[in-house]
Amino acid sequence: MPDIHKLSVKRVKGIGDRRSSALEQVGIHTVADLLGFLPSRYLDRSTETPIAQLPLKQEATVVGEVVASRMVPGRRPRFVATIRDESAELDCVWFGGYKYMNDAFKVGDWVSVGGKVTDYRGQRQISHPEVELLSGSEEDEDDRVHTGQIVPLHRTTANMKSSSLTARTLRRLIWDALEALDIDDSMRPDLREGLPSLGAAYRSVHFPESLDDVEAGRRRLAYDELLTVAVWGLSQRPRGSAMAVTSQDSATRLVESLPFDLTGGQQRALSEIQHDMTSEGTLHRLLQGDVGSGKTLVALMAALAVVDSGAQVAIMVPTEVLAEQHANNIQLMVEPLGIRAGLLTGRLRAADRRAAEALVASGQTQIVIGTHALLQEGTVFKQLGLVVVDEQHRFGVTQRLTLREKGEDAHLLVMTATPIPRSLALTLYGHLEVSTIDEMPLGRQPIKTGLRKGKDRDNAFSFIREQVTAGRQAYIVYPRVEGSRGVRSAKAAYEELTEGPLSGLRVGLIYGSLKGQEKSTVMEGFRSGEIDVLVSTTVVEVGVDVANATVMMIEHAERFGLSQLHQLRGRVGRGEAESYCILIADPDEELTEDAEARLNAMCETTDGFRISELDLEIRGAGQLFGTRQAGLPEFRYADLIRDQDLIEQARQVGDRIAETDPDLLGYPWLQERIEALTASGLTIAESG
Ligand code: ADP
Ligand code: MG
């Protein structure tokens, strides 16, 4: 049986040189690629609404026959195609661009059109609808491929259409491929209990009898992804046992020097970490805790125990701003204990960097704080005993592990404010244990959060003035450094604010591409209180800790993701003073449903765990395939909320494989998929 991953699409009936090169342009080379090109949506013809009953101003999908098409000249020339079903007619209107539309439409075609329905002088119409050709005409023989009860719609681009790759053609090609090929399923049935074979799965996602069929097929494809990642994760699990720590002296002295007590949550997390590091085996743990819950301190105490035992610690963070802050804070705390901490980032000048690397290589620097620069070959440790990855969701899956490989059996602690369900941590990160800090330091007050539109923006600036007068500081964050039409940007706002609403205040400007030295100077100015208001992009998103700042104002808040908004908000409320988060939404634009839901969620709760649940819910909704979860591999088919049972199944099967055949000798196909997975570059670049 042929392996569809190696079989060229040219082997499919109807695909010659012309079509195959058009397919190649959209990344379809093999039969597996073709079968993986899933419908973007499905038309359920049994629940279709007749044109006459379509509600106005709502998105709808309609199926009908093209009965007329014409150019309408005039001040705004447009192409109009009229479609009809048993109940009424509907105009599809395109302004400009008519030439292409003219070719795409023929009277007699059956099409599905989707878009917002409006009423224009008594006639229903959709402007610039999404169109898919269903069949040349209703009478077409042999057309069950195209006009079953459930019609799959493969999303095609204009480019594809102009190479005659319409949704209809694709359906035909995929149908032929499935008819002609006996699809080899390398996964034995006992590894995929309760799930259909690969061939059956492809058949039911492309040509389902019902929407349940689609789901059954999707689950099989999702399981393939989950099993691959699970087995890969297991292969990364520490095998040997790392050096056991023997002393908590420095850690104890550090706690005694602090002006506050550890919270119960910090203590519990710490004792779990200490337990792993003192017993046989290796610390391999995820520390999660909401923004501001004090994860850094817990990590530092673990680090001190390792240093006491004679080994080094690497702390990797995603941005230079954060690396510098951590390095400063940590140096202040550990130098009195006689321990040396150093900074290593890509920004250092070549000579400084070589010097820093030499201190690491000789073991003189005991705690190294750095960015992605730590991953580079030049960074060599004398004896690396513990790797800490802060804001782990900002790193790619392979990056977390690359650093660990610089030591022999080093302990690993990864930290995040974006919680991951335990089952995921176990499955996708190769049995990563989870500790959770479930309380905030004493005296923290919830951050008051409000959504403001339009003219209330000016009030926000007056409020910031009041806070500054009272000795506090503020952040104002923008989605971009530089403007594009209609979007406020950090640079433009800096000009506007310093001359207008914030004149007289000491305002600073910071963004990712600002030169290293200037960036440090501005950040230092804000930290020391010489700058009152910091106008910024998202470079301050994670980790930045300036306790005197009490206002976080976010412009164009509708453009940020939910966890991003929560992280930004976490920059304030770090001291005991009442803090505020002001979300400004663009007054001129109607918010999308998702944006509205995100902003409401922010106003409703400050609980980071609740926020990430809501985030997954909002992003998961209305999306048939795929979920993005920062820091996890991007799945095409798996849905991390809905597929909990598959995740569990993948882990159990993965465990079985890892136990009986750790080198995957009997599973060459899994080996190949893992290679493809890691080669697909599960890495994320440094930002800011
Ligand atoms: P995050 O978990 O977001 O990384 P940080 O480690 O940056 O949080 O801690 C936030 C702030 O809280 C820091 O200024 C830190 O010194 C302070 N902090 C940490 N633990 C405590 C505690 N137990 N009591 C009071 N303040 C604390
Ligand atoms: Mg932090």
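Residues numbered from 1 in each chain as written. Chains lettered and ligands numbered in written order. Predicted model: local features only at pLDDT ≥ 70, side-chain atom pairs only at ≥ 80, totals over all residues. Heavy atoms only, no water.

(A) Inspection of the overall build of the chain at higher detail. Helix and strand counts for the chain stand at 22 helices and 21 strands. Here the C-alpha coordinates of the chain stretch approximately 85 × 70 × 45 Å along the principal axes. Here the chain, with 688 residues, has 54% of them falling under the buried criterion. Across the chain, contacts joining residues at least 24 apart in sequence account for 74% of those joining residues at least 6 apart. A total accessible area of about 30200 Å² is found for the chain, and carbon and sulfur atoms account for 47% of it. The average position of the 77 basic charges and that of the 99 acidic charges among the side chains of the chain differ by 4 Å. (Helix = DSSP H or I, 4+ residues; strand = E, 2+ residues; numbered from the N terminus. Buried < 20%, exposed > 50% of the residue type's maximum accessible area, 1.4 Å probe, protein only. Contact = heavy atoms within 4.5 Å. Areas by Shrake-Rupley, 256 points an atom, 1.4 Å probe, with all protein chains shown as cover. Lys, Arg positive; Asp, Glu negative; His and termini not counted. Charge placed at Lys NZ, Arg CZ, Asp CG, Glu CD.)

(B) Focus on the packing of aromatic side chains. Applying the stated criterion across every chain yields a total of five aromatic pairs. Relative to Phe207, the ring of Trp175 lies with its centre 4.9 Å away and its plane at 85°, an arrangement referred to as edge-to-face. Placement of Trp175 in helix H5 (residues 167–180) and of Phe207 in the loop between helix H6 (198–206) and helix H7 (211–235) is noted, with a sequence separation of 32 residues between them. The exposure class of Trp175 is buried, given its relative accessible area of 15%. Phe207 gets classed as buried once you look at its relative accessible area, which sits at 15%. Positioned above the aromatic ring of Phe95 is the side chain of Arg76, whose terminal nitrogen or guanidinium carbon lies 4.2 Å from the ring centre. (Phe/Tyr/Trp six-rings, centres within 6.5 Å; stacked < 30°, edge-to-face > 60°. Lys NZ or Arg CZ within 6 Å of the ring centre and 35° of its normal.)

(C) Just the site of ligand 1, in detail. Near ligand 1 there are 16 residues, and of these Asp261, Gly292, Thr296, Arg444 and Asp545 occur at the shortest range. The separation between an oxygen atom of ligand 1 and a polar side-chain atom of Thr296 is 2.6 Å. When ligand 1 is considered free in solution it has 570 Å² of accessible area, and contact with the protein chains removes 83% of it. For the shell around ligand 1, the class distribution of residues is four nonpolar, six polar and six charged. (Near = heavy atom within 4 Å. Polar contact = N/O pair within 3.5 Å; in protein donor to acceptor, adjacent residues only side chain to side chain. Nonpolar A, V, L, I, M, F, W, Y, C, P; charged D, E, K, R; others polar.)

(D) The arrangement of the sheet that holds strand E11 (residues 341–344) in detail. Spatially, seven strands are ordered E11-E12-E10-E13-E14-E9-E15 in an open sheet, and the strand pairing comes out parallel. Each having just a single partner strand, E11 and strand E15 (433–437) make up the two edges of the open sheet. Each strand axis lies, on average, 20° off the axis of its neighbour in the sheet, ignoring direction. Along the sheet face, helix H11 (residues 320–334) touches strand E10 (312–316), E11 and strand E12 (367–370) and points at about 170° away from the line of E11. In this fold helix H12 (residues 350–361) packs onto E10, E11 and E12, with an angle of close to 135° to the strand it touches most, E11. (Pairing = 2+ DSSP bridges. Axes fitted to C-alpha atoms, helices over the stretch in contact; angles between N-to-C directions.)

(E) Geometry of the sheet that holds strand E16 (residues 448–453). The parallel open sheet is built from six strands, whose spatial order is E16-E21-E20-E17-E19-E18. Pairing within the sheet leaves two strands with one partner each, and these edge strands are E16 and strand E18 (507–510). Taken over all neighbouring pairs, the strand axes of this sheet differ in orientation by 20° on average, direction set aside. Both E18 and strand E19 (residues 533–536) contribute to a ladder of four bridges, which runs parallel. Counterpart to Leu509 in the pairing with E19 is Val535. Where helix H15 (residues 456–469) meets the sheet, its contacts fall on E16, strand E17 (473–477), E19, strand E20 (549–554) and strand E21 (580–585), and the angle it forms with E20 comes to roughly 165°.

(F) Region of interest: the pattern of salt bridges. Tallied over the full model, the rule gives 31 salt bridges. Look at the salt bridges and you will find they share partners, linking Asp185, Arg192, Arg220, Asp224 and Arg673 into a network. (Salt bridge = Lys/Arg side-chain N within 4 Å of Asp/Glu carboxyl O.)

(G) Inspection of the side chain of Asp276 at higher detail. Mapped onto the elements of the fold, Asp276 is located in helix H9 (residues 264–278). A polar atom in the side chain of Asp276 sits 3.5 Å from the side chain of His275. If near-sequence neighbours (up to four positions away) are discounted, Asp276 is found in contact with Gly281, Thr282, Leu283, Arg285 and His411.

(H) A look at the environment of Val111. Checked against the element boundaries, Val111 lands in strand E5 (residues 110–120). In the structure, Val111 is positioned 48 residues away from Val63 in sequence and 5.7 Å away in space, judged by C-alpha atoms. Those residues in contact with Val111, other than ones at most four positions away along the chain, are Val62, Val63, Gly64, Val66, Ile83, Phe105, Val131, Glu132, Leu133 and Leu134.

(I) Layout of empty space enclosed by the protein. Following the criterion strictly, the structure yields three cavities of 30 Å³ or more and no others. Here the largest cavity is characterised by a volume of approximately 100 Å³. In terms of lining, the largest cavity is formed by twelve residues, of which the most central are His284, Arg400, Leu401, Tyr429 and Leu432. Of all elements in the fold, only H7, helix H13 (397–404) and strand E14 (411–416) reach the threshold of two or more residues within the lining of the largest cavity. Tallying contributions element by element places H13 first for the lining of the largest cavity, with three residues. For the lining of the largest cavity, the class distribution of residues is eight nonpolar, three polar and one charged. Volume-wise, the second largest cavity comes out at about 60 Å³. Forming the walls of the second largest cavity are Ala417, Thr418, Pro419, Ser563, His566, Gln567, Gly608, Ile611 and Ser612. For the lining of the second largest cavity, the elements supplying multiple residues, two or more each, are helix H18 (562–569) and helix H20 (608–620). Residue composition of the lining of the second largest cavity, grouped by class: three nonpolar, six polar and no charged. (1 Å grid on protein atoms, 1.4 Å probe; cavity = no way out; pocket = protein on both sides within 12 Å on 5 of 7 lines; lining within 4 Å. Points joined across faces, edges and corners; volume = space filled by probe spheres on them.)

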